[in-house]
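Next come the chains, spelled out residue by residue.
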Amino acid sequence: MRDKILISVAKNMRGLCFPSKTPSSSITNHSNRSTPPRLSFSDNIDQSIRTNDENSFSMEAAEALIQKWNYDTSAFAKVTSLFYEDKTEAMQYINYVKELHKFMHSLLIENPSSEKLILAQNLMQIAMKRLRKEFYQILSMNRAHLDPESISVRSSRTSVHSSVSDYDDYVSAADETRTAGDSISEVERLSSIVMEDLKAIAECMVSCGYRKECVSVYSVIRKSIVDEGVYKLGVEKVSSTRLKKMDWEVIELKIQSWLAAVTIAVRTLFNGERILCDHVFGASDSIRESCFAEISRDGAIVLFGFPETVAKPKKLSSPEKMFRVLDMYASITEMLPEIEAIFSSDSTSAVRSQVNSSIQRIIERVQTMLTEFESTIQKDSSKSPVNSGGVHSLTVQSMNYLSNLADYSNVLSYMFSREDFPKPKRSPVPESYLYSPESEHSSTAPPPPPLTARVAWLILVLLCKLDTKAKHCKDVSLSYLFFANNLRYIFTRIKRSNLQFILGYDWITKHEEKVKKFVANYERVAWGEVFSSLPENISAAMSPAEARAVIGNFNFKFEEAYRKQNSFVVADREMRDEIKGSIARNLVPRYRELYNTVLVVVCGGSVREMKEYVTFTPEDVENYIANLFFIRGSSSGVSTSSSVTSSPHRRRS
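Just so it is clear, the structure is predicted and the values come from calculations on it, not from any experiment.

Novice: Would you take a moment to explain the overall build of the protein for this structure?
Specialist: For the protein, the helix and strand inventory stands at 28 helices and 0 strands. The buried share of the protein, reckoned over its 653 residues, is 51%. Put simply, of all contacts in the protein between residues at least 6 apart along the chain, 82% involve residues at least 24 apart. About 31000 Å² of surface is accessible on the protein, with carbon and sulfur atoms providing 51% of the total.

Novice: Would you explain the packing of aromatic side chains in this entry?
Specialist: For any pair of aromatic rings, the description consists of the separation of the ring centres together with the inter-plane angle of the planes. The full count for this structure, using the stated rule, is 23 aromatic pairs. Taken together, a centroid distance of 5.3 Å and an interplanar angle of 50 degrees make the contact between W69 and F76 tilted. Judged by centre distance (5.8 Å) and plane angle (20 degrees), the ring pair of F323 and Y408 falls under stacked. One end of the pair, F323, is in helix α15 (residues 322–334); the other, Y408, is in the loop between α18 (393–406) and α19 (409–417), with 85 residues separating them in the sequence. Across the pair, exposure class does not vary: F323 and Y408 are buried alike. Taken together, the aromatic side chains of W527, F554, F558, Y562, Y591, Y595, F616 and Y624 make up a single cluster linked through ring pairs.

Novice: Help me understand α18 in this model?
Specialist: Turn by turn, an α-helix covers 3.6 residues, leaving residues three or four places apart pointing in a common direction. Compared with the 20 Å implied by 1.5 Å per residue over 14 residues, the 20 Å span of α18 between its first and last C-alpha is a close match. A large share of α18 lies buried, amounting to 10 of its 14 residues. Here the buried face of α18 lies against α15, α17 (349–379), α19, α22 (450–470), α23 (476–495) and α24 (499–532).

Novice: Sorry, what's going on with the pattern of salt bridges here?
Specialist: Oppositely charged side chains may form a pair once their charged atoms are brought near each other. All told, the structure shown has 28 salt bridges when counted by the stated rule. Its salt-bridge partner being R563, residue E559 comes within 3.2 Å of it at the nearest N-O pair. Taken as a pair, E559 and R563 lie in helix α25 (residues 544–565) at a separation of 4 residues, close to a single helical turn. Judged by relative accessible area, E559 falls into the buried class, the value being 14%. Under the relative-accessibility criterion, R563 is labelled partly exposed at 38%. Salt bridges sharing common partners tie together R143, E228 and K232.

Novice: What's the story with the nonpolar core in this structure? I'm lost.
Specialist: One broad rule of soluble globular proteins: the nonpolar side chains tend to lie buried together. Within the largest apolar cluster, 175 residues are counted, with the highest numbers of intra-cluster contacts made by F135, F281, F304, W527 and F558. The element that contributes the greatest number of residues to this core is helix α13 (residues 248–280), accounting for 14 residues. Each residue touching F281, except ones within four places of it in the same chain, is listed here: F135, A202, C214, V215, Y218, I287, R288 and C291.

Novice: Even after reading the chapter, I still don't get helix α14 (residues 285–311), so can you show me in this structure?
Specialist: Between its terminal C-alpha atoms α14 stretches 37 Å, which fits the 39 Å expected from 27 residues at 1.5 Å a residue. The largest bend in α14 is about 45 degrees, located at S296. Burial analysis of α14 places 20 of its 27 residues in the buried class, which makes it a mostly covered element.

Novice: Would you take a moment to explain the environment of S290 for this structure?
Specialist: Considering the arrangement of structural elements, one finds S290 in helix α14. For S290, a relative accessible area of 29% corresponds to the partly exposed category. For the pair S290 and D346, spaced 56 residues apart in the sequence, the C-alpha separation amounts to 8.9 Å. Residues in contact with S290, not counting those within four places in the same chain, are R211 and S347.

Novice: Looking at this structure, I do not really get the packing of α15 against α17. What am I missing?
Specialist: How two helices sit against one another is set out by the angle between their axes and by the gap between those axes. Relative to each other, α15 and α17 sit at 150 degrees, their axes nearing to 10 Å. When the axes of α15 and α17 are compared, the pair comes out roughly antiparallel. The crossing of α15 and α17 is left-handed. Where α15 approaches α17, its residues M322, V325, L326, M328, Y329, I332 and T333 are matched on the opposing element by V355, S358, I359, I362, I363, R365, V366, M369 and L370.

Novice: Which parts of the structure should I look at to understand the environment of L303?
Specialist: Its location among the elements puts L303 in helix α14. As for L303 and V351, which are separated by 48 residues in sequence, their C-alpha atoms are 9.7 Å apart. Ignoring any residue separated from it by four or fewer positions in sequence, one finds L303 in contact with V235, W258, V262, A265 and F270.

Novice: In this structure, what is going on with the state of the cysteines? I would like to understand it.
Specialist: By definition, a disulfide is the covalent link that joins the sulfur atoms of two cysteine residues. What the rule picks out here adds up to 0 disulfides. In this model C204 remains outside any disulfide bridge; the closest cysteine sulfur is found in C208, 4.4 Å from its own. On the basis of relative accessible area, C204 is assigned to the buried category, the value being 0%.

Conventions and cut-offs
Residues numbered from 1 in each chain as written. Predicted model: local features only at pLDDT ≥ 70, side-chain atom pairs only at ≥ 80, totals over all residues. Heavy atoms only, no water. Helix = DSSP H or I, 4+ residues; strand = E, 2+ residues; numbered from the N terminus. Buried < 20%, exposed > 50% of the residue type's maximum accessible area, 1.4 Å probe, protein only. Contact = heavy atoms within 4.5 Å. Areas by Shrake-Rupley, 256 points an atom, 1.4 Å probe, with all protein chains shown as cover. Phe/Tyr/Trp six-rings, centres within 6.5 Å; stacked < 30°, edge-to-face > 60°. Expected span 1.5 Å × (residues − 1). Salt bridge = Lys/Arg side-chain N within 4 Å of Asp/Glu carboxyl O. Core = buried A, V, L, I, M, F, W, Y, C linked by side-chain atoms within 4.5 Å. Bend = angle between axes of the 7 residues up to and from the residue. Axes fitted to C-alpha atoms, helices over the stretch in contact; angles between N-to-C directions. Parallel < 35°, antiparallel > 145°, perpendicular 65-115°, else oblique. Left-handed = near helix turned anticlockwise from the far one by under 90°. Disulfide = S-S within 2.5 Å.

Coordinates in, geometry out; function isn't part of it.
Listed below in structure tokens is the structure:
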């Protein structure tokens, strides 16, 4: 019977003392995350003991200390923590356990039938049970000292794996935090001490073959902290079905909570857990990576999966909701280098896949929203402002959207430049639309950036729609004025927003010239007959009858033109003044000359008699022109139909 027990113990010990060489259970040096390996505090003590007596190991001393802290036989041990009670004794305990493990290893080689092997195995089980309890107590009772924020702050001030220090025993680590000065808070000092305790226990349990028990305790406690942290940041798992039933206002609040949470979660919560896990299980790459993956995976997938869930429903189809989607894209891509650094191992590949999936889903949604925005322009059927020739509501809404979109130009440029962003086979915008004919770039420049081409195309779609609406104008002059008004509004909004940097100087110059051409066409059509009613050479001799006929014809043409044009509006003050100034410059001086000629030729200089033949004085013409194009009853840039509020009337003497 005794021999069977020894054989069983020997088999068990071979599993502990000669662990599998697979990556999952091997103890390796520090990974390339940390600095070159250093002696732990327990290794330092081992070295000092071996220096004093190379072959000394007292089974009796080890048994006495292990039994003192036997959880099953000592009432004192049940209610007291070894590491809390006496740090020196705790270090000695760890050392005895490691020496006991080496002693068992020696017995398996030299005397596998020794009865001491049974005793050593029993003591090892008692010790591991104690250390497992200590590990659990330290983790559960020091949550405040192990919160990710304290750990990440501490790490930013003094590296956990300092390459400057040439020793790593517990006492030295504790002394180092005490002498760090006022720069390290009491919480951070205690955090350092607790992390050293955990590291010592983890190294001992793993090296003695109790990896599974150690990792299990750590993972359960720290995973609950991560999951709780994500929830407290206001992020919860939401299904697509549930999201479809929510009002947009509720979804927007959840997006805002996520935007506030993602930076904190990455830089504090997950980064802190990464640091802690790397420190506690620093001796083994495989253990720390698998352990961190187990702790963080679920919380990270909930956090990084939220944008994908939000971007799925058609509830986000309206164009103005794109900006919240772009906010999420900006946040997640800004954090991408840090996310990839924290979740860099194969064990956390699911997290990286979720991040990429969310990014791809957002890209698809943005592409869909831009297409829907274009469709909204093309389907617009409103006509109301066309009667007055003012700025159409479609123009205002479209430019509001595009101006806001331009505030995300950096985000969109990055998005459009990605390999996975859908690209047209060729730019839908002709080069002549982007470059001025005189521009040196028009023949030599490379294709425009994708974002420039897309925005230019959307504005072109808008202009084409406005051109269609212009056909509903009641006369040709109004169609020119309508287009000039709307193009001027577009041009002004572009110059006052980031759209100017997207479209560039050539585009702005080209369309500024177009505005001038439409204004010139309006003046030619609307006031051409008035201009031509005045003789080219007014100073030429005229008979009284000819003078009366000329000035009468001018009065009639001017009154007719004014009555029609007085119902039109020009929304932009600068363009309004330019048009009125141009009309006045072409009419008033020439008409004043004609007026003075008639005054002399027909009336012999009598102003009283002049009133019989003349409807307007030069001052009247000037005043009526000054009264043109105002938006009556509205101060907005969008005009509405207006009736004639005043018109020239024939003077009665």
